[in-house]
Every structure is written in C-alpha cells, then in structure tokens.
Amino acid sequence: MKSARRLQDVVPAWLEAHRDAARRSLQRRLQAPVLSLISIAVLGFILALPAYLWVLLDNARALSAHVDHDPRIALYLDEVEAGAVADLERHLETDARVERWTWIDADEALATYRDGLRDPGLLDWLDDNPLPDVVDVVPATADPETVAALREALAASAPGATVVSDDEWVRQLNSLHQLGLRILAVVGGLLGLGALLILALATASELRERREEIAISRISGATHGFLRRPSLYGGLITGLGGGIFAGILLLIGIGLSRAPLEQAAAAFDLEFGLALPGGAHLLTLLLAGLLLGWLGARLGSGHALRDAP
Amino acid sequence: MIHLQRVTKRFGSAAEALSNVSLRVDPGAMAFITGPSGAGKSTLLRLIAGLERPTRGRIRVNGHDLDRLSNRAIPGFRRSIGLVFQDHRLLFDRPVFDNVALPLEILAYRRPEMRKRVRAALDKVGLLHKETVNPRTLSAGEQQRVGIARAIVHRPVLLLADEPTGNLDPALSREILQLFDDFNRVGMTALIASHDLGLVERMGKPILHLEDGRIEARAAGAPSA
C-alpha cells in the first residue's frame, strides 16, 4: 500500500501518470483518426471566422493610420488682439497636450496660395490680404476627449479666434472601430460557446465508450481527477489541432482576399496592402484552441462522470 | 474488519434486498456467504465495498463508517479493498499486464515498482507467461485468475469476491478458492460469496447463509451476527 512508497517518488510518479494519460489519449485519437479529425476541423472552422474578422479590423485600423489621421486644431486669429497672441504662444509652449504647432503668417499663406494658382494675377485686384494668421496645432494624442479639452483651452486663451478641429472624423472612425470590435466579440463569443458545447459532447461520448474502464477504475478507487485526465489531454490535443488548422485557414482566407481588397482600395485612391496575420494572431488562435479544447473536455467529462455509475 | 449492524437495503419501491443484516468479520479472517441467486449476496458485498449505501443500519469496514464517508473519501477507502467479480470485468482493449496494473496506476505507482508488483501478482495466479496477451484470448478460468491478480496487486487489506467460481468447472473452482486461502494465510481478510454450498463447505471456513435478504443460519464457527 501507500506507506511502502517513498515521498520522493510522488512527483515523478505524478509526472509519469500524466504522461501516460496524454499518451493514451493520443493513441485513442490515432485509433479513430476520422472522428478526431472531424473534431479538429470543426474547431478550426469555428476559430477561423472571428480570426478572419479580427485581421480585417486590424488592417482597417492600419488603413486609417495610413491616411494621415492625426487630429489637428486650427486657430484663425483674424479678430485677436496682439496681447492675446502672446498669451496664446505661451500657452502653446507650456501645454503638454500640444505635440507641435506652426504659425502660418497671413502674407505667407497668400503667397503660397498665389503660387498654386494658374494665373497669379487674379489676386491683384484684392485691396488687402483677406486671409488671417493661422496657428496649426498638432495635439500630442488622438484621444477625442483630450483633443476636445485642448480645443476648449486654446479657445479660452485666444478670445476672438475661430477654433476649428478635425477630431470629429477621428471620433467617427473610432466608434466604427469600436463597433467592429463589439461585433467581433459577439460573433466570437457565440461561436466559442458553440465550439465548447460540441467539444463537450464529443468528450461525453468518448467517456461513454470508456464506461467499463471507468466503472472498474472507480471500484479500484479512482478519483474524478484520474478518470478525467485522459479527456483533458484529449481536449488539449483537439484544441491544438483546431488552432493550427484555423491558422492555416486564416492564412488561406487572407491570401485569397488580398487581391480583391487591394483592387477595391485602389478604386478609392488608397494605397493599401492587406497584411498577413502576424505571430500574435496565430499564437492567439492556438491559445484559444487549447483553452476551448480544455474547457470543452472539462465540461463534458464533468457531466459524464457525474452521471456514470 | 467488517461490522454490519441491522443493515437494510431497498432499491426504489422493490422488496428489501437485505433486511436487518448484522455480521462481523474479524481482521485476518476468511468467510463465505452462500445462498441462492437473488438472496442478496451481491448487494451485501456491494454495500461492504461502498458501491451502494444502506437504506438503514450501520456499516463499518476497515475503520471507516461507510454511512458517514464523504464522496471525496470514497476513492481512498476503495483502494484498501480488492474486488473479484463473477464475470471478471476485464478490459479487452489492453493486454493482461495493463489490466492487472490498473489499481497501481490509480495509486500512481512508478513504472519499475508497478512492473515488479504486476508480475508478482500474475506469478501468484500462474499467468506470468500471459502478461502480453489480450485477455480475450484466455480461457474462462484464466480470465478469472487475471481478475484475481488485479484485485490483489495493490495488496488490499480486504478481498471481496462475488461468485468467483460461478462459470468454472469444479476442479478450477477448487483451485480459485485455494488461491483465496493462500492470500488469507498472508493476512488478507477475505469474504467470498458463492452459491456452491458443497464446494464452500469443503474449505472448512465460517459460512453465512443468506435467504431472501436475511441471514438464515450459520454453520459452525461462522462469523458472529
């Protein structure tokens, strides 16, 4: 009995028991390869869809970064007194929310404008320069709330200036991206739940096939943990396979979408290359597969073993 | 080792499978339970092994009060028992060695020690040369001996056998009972159910007779009720 065994054997024996359970689980899968492959394929398909959406979303965000989307704040100083301009300059120098700023002199602006015209003589009939001095401010962050607060602060330190910011479309883009993430979470969550139930069912039916072994083991004093162990390793094997298969599907899917997406982007005058999923994407897929496989096996085995004799 | 006090077992609304059974088997003893099929022999053994819970009464086995044993404590209790079934209940998806090794796997023995013990158990039942074959290819008597090797491989303190000779001819049956006697001689308490009164009487051990779930009579030197 137990007393005859040495304490120092406990950890190696435990490791051996786990290795045996994993080996046996793998053997059982190799003996019924078609069923195992179906489980792996189902998990792969289920994981690949949200992963595909995720990669597209990431690319869309990269696309919006590609189009210069740093929010800007422009101050038109046409009705600002000279003293206030000095205050404004001090503010711009000290406010940490300001990344950089440029003073665009009204005369310079007019000269630039004149250079751009096909017939510069057109401007000669103007009595004086209608353009105001402009301060072009680049905020340190694209965060819409910070940009809005900075805008308020600048307007307060330059009374009379017309302050215009283009953070509105950043807000819109951000909310679209948030919506995309939300849809991804819902779709991914529902599919994950479905995968969990399918894997739990597969585990339960595998345990039904093992019921004689389980009954005998129970009589011999096997614990729940011992009986469940091969199933958990089975879940990890299925999860690993499903994760790898989903990664392959994702690479194929993105590869096939590349040309049409780039053509569509070109139609909008955007230079855009669809990036292949990176290591982080593939690693996440693998981990998601392992987690779902393990959880599904745990769910299925918990249920089946509770009902077993 | 075994102490039952006024134990009753009823399955659902059916008649009582066991009625008010009291008995006592001392450590190191060997005893038989006899009676026709349906008398409650299997139920009695299953109660003692903790596979069923009594409807009424107290069961104390190897220092454990079974009616107070928590679900978590049951596996530990069962590891101190060896069980032999009439139908062997061997696993045909693995060789003889792995069948016998199962209780040691559950006890997380390491490979070398496991090998030693399994081979010792197989040697004791005379099947060492069959360790690699599938039990399906063995005769009924050999299968029963594999089942016995599995029941004793972890050296339990108590051996329970339910009709271990049920499917065997008289010569093989005597051989099997002789094996139990050998285990008992080295200190294992043994309680064996059998309907074959003639065979059992020749062993010269205490006998308990069950009839319709009640203890009917006791042979000389029977376990005290």
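A quick note: this is a predicted structure, and the numbers were derived from the prediction, not measured.

How each quantity is defined
Residues numbered from 1 in each chain as written. Chains lettered and ligands numbered in written order. Predicted model: local features only at pLDDT ≥ 70, side-chain atom pairs only at ≥ 80, totals over all residues. Helix = DSSP H or I, 4+ residues; strand = E, 2+ residues; numbered from the N terminus. Rg over C-alpha atoms; globule rule 2.2 N^0.38 Å. Contact = placed C-beta atoms within 7 Å. Nonpolar A, V, L, I, M, F, W, Y, C, P; charged D, E, K, R; others polar. Buried ≥ 20, exposed ≤ 12 C-beta atoms within 10 Å, placed from the backbone. Pairing = 2+ DSSP bridges. Axes fitted to C-alpha atoms, helices over the stretch in contact; angles between N-to-C directions. Domains from an automatic or database assignment. Core = buried A, V, L, I, M, F, W, Y, C linked by C-beta atoms within 7 Å.

(A) Molecular detail of the overall build of chain B. What chain B contains, in helices and strands, is seven helices and ten strands. In terms of C-alpha radius of gyration, chain B reaches 17 Å, essentially the compact-globule figure of 17 Å for 225 residues. Seen through its C-alpha atoms, chain B measures out along the principal axes to roughly 45 × 40 × 35 Å. For chain B, the share of sequence-separated contacts (at least 6 apart) that also reach a separation of at least 24 residues comes to 67%.

(B) Inspection of the interface of chain B and chain A at higher detail. At the junction of the two partners, chain B supplies 19 residues and chain A supplies 18 residues. Of all elements in the fold, only helix H2 (74–78) and helix H3 (96–106) of chain B reach the threshold of two or more residues within the side of chain B that touches chain A. Here the element with the most residues in the side of chain B that touches chain A is H3 of chain B; it accounts for four residues. Here the side of chain B that touches chain A is built from residues that sort into ten nonpolar, two polar and seven charged.

(C) Main features of unusual backbone geometry. Residue and element names in this part refer to chain B. The backbone of histidine 88 sits at a positive phi, close to 65°, despite the residue not being glycine. Its location among the elements puts histidine 88 in the loop between strand S6 (81–84) and H3. Given 21 C-beta atoms within a 10 Å radius, histidine 88 is considered buried. The phi dihedral of arginine 89 is positive, around 50°, even though this residue is not glycine. In this structure, arginine 89 sits in the loop between S6 and H3.

(D) The sheet that holds strand S2 (residues 16–25) of chain B, seen in detail. Residues and elements named next belong to chain B. The strand order S2-S1-S4-S5 describes an open sheet built from four strands, whose pairing is antiparallel. Unpaired on one side and paired on the other, S2 and strand S5 (64–65) mark the two borders of the sheet. Both strand S1 (residues 2–10) and strand S4 (residues 56–61) contribute to a ladder of five bridges, which runs antiparallel. Residue pairing for S4: threonine 8 is matched across the bridge by arginine 56.

(E) Seen up close, the sheet that holds strand S2 (residues 98–104) of chain A. Residue and element names in this part refer to chain A. Taken in spatial order, the four strands make up an open sheet running S2-S3-S1-S4, and their pairing is antiparallel. For this open sheet the edge positions go to S2 and strand S4 (162–165), each flanked by a neighbour on one side alone. Neighbour-to-neighbour, the strand axes of the sheet open up by a mean angle of 15°, direction not taken into account.

(F) Just the domain arrangement of chain A, in detail. Split by domain assignment, chain A resolves into domain 1 (2–67 + 171–307) and domain 2 (73–165). Computed from C-alpha coordinates alone, the two centres of domain 1 of chain A and domain 2 of chain A are separated by 54 Å.

(G) Just the nonpolar core, in detail. With 101 residues, the main nonpolar core has Ile48, Val100, Ala149, Leu159, Leu160, Phe180 and Leu191 of chain B as its most contacted residues. Broken down by element, the residue count for this core peaks at nine residues, all from helix H8 (residues 224–267) of chain A.

(H) Broad picture of helix H1 (residues 41–48) of chain B. With six of its eight residues buried, H1 of chain B lies for the most part within the structure. Directly after H1 of chain B, the chain includes glycine 50 of chain B, whose backbone phi takes a positive value near 75°.

(I) Broad picture of the pairing of strand S7 (residues 158–162) of chain B. Residue and element names in this part refer to chain B. Among the five residues that make up S7, five are buried, leaving the element largely enclosed by the rest of the structure. Here S7 shows no split at all, with Leu158, Leu160 and Asp162 on one side and Leu159 and Ala161 on the other all buried. Sheet analysis places S6 next to S7, joined by four bridges and oriented parallel. When the bridges of S7 are listed, isoleucine 81 appears paired with leucine 158. Summarising the sheet, S7 and strand S8 (residues 189–193) pair through five bridges and their orientation is parallel.

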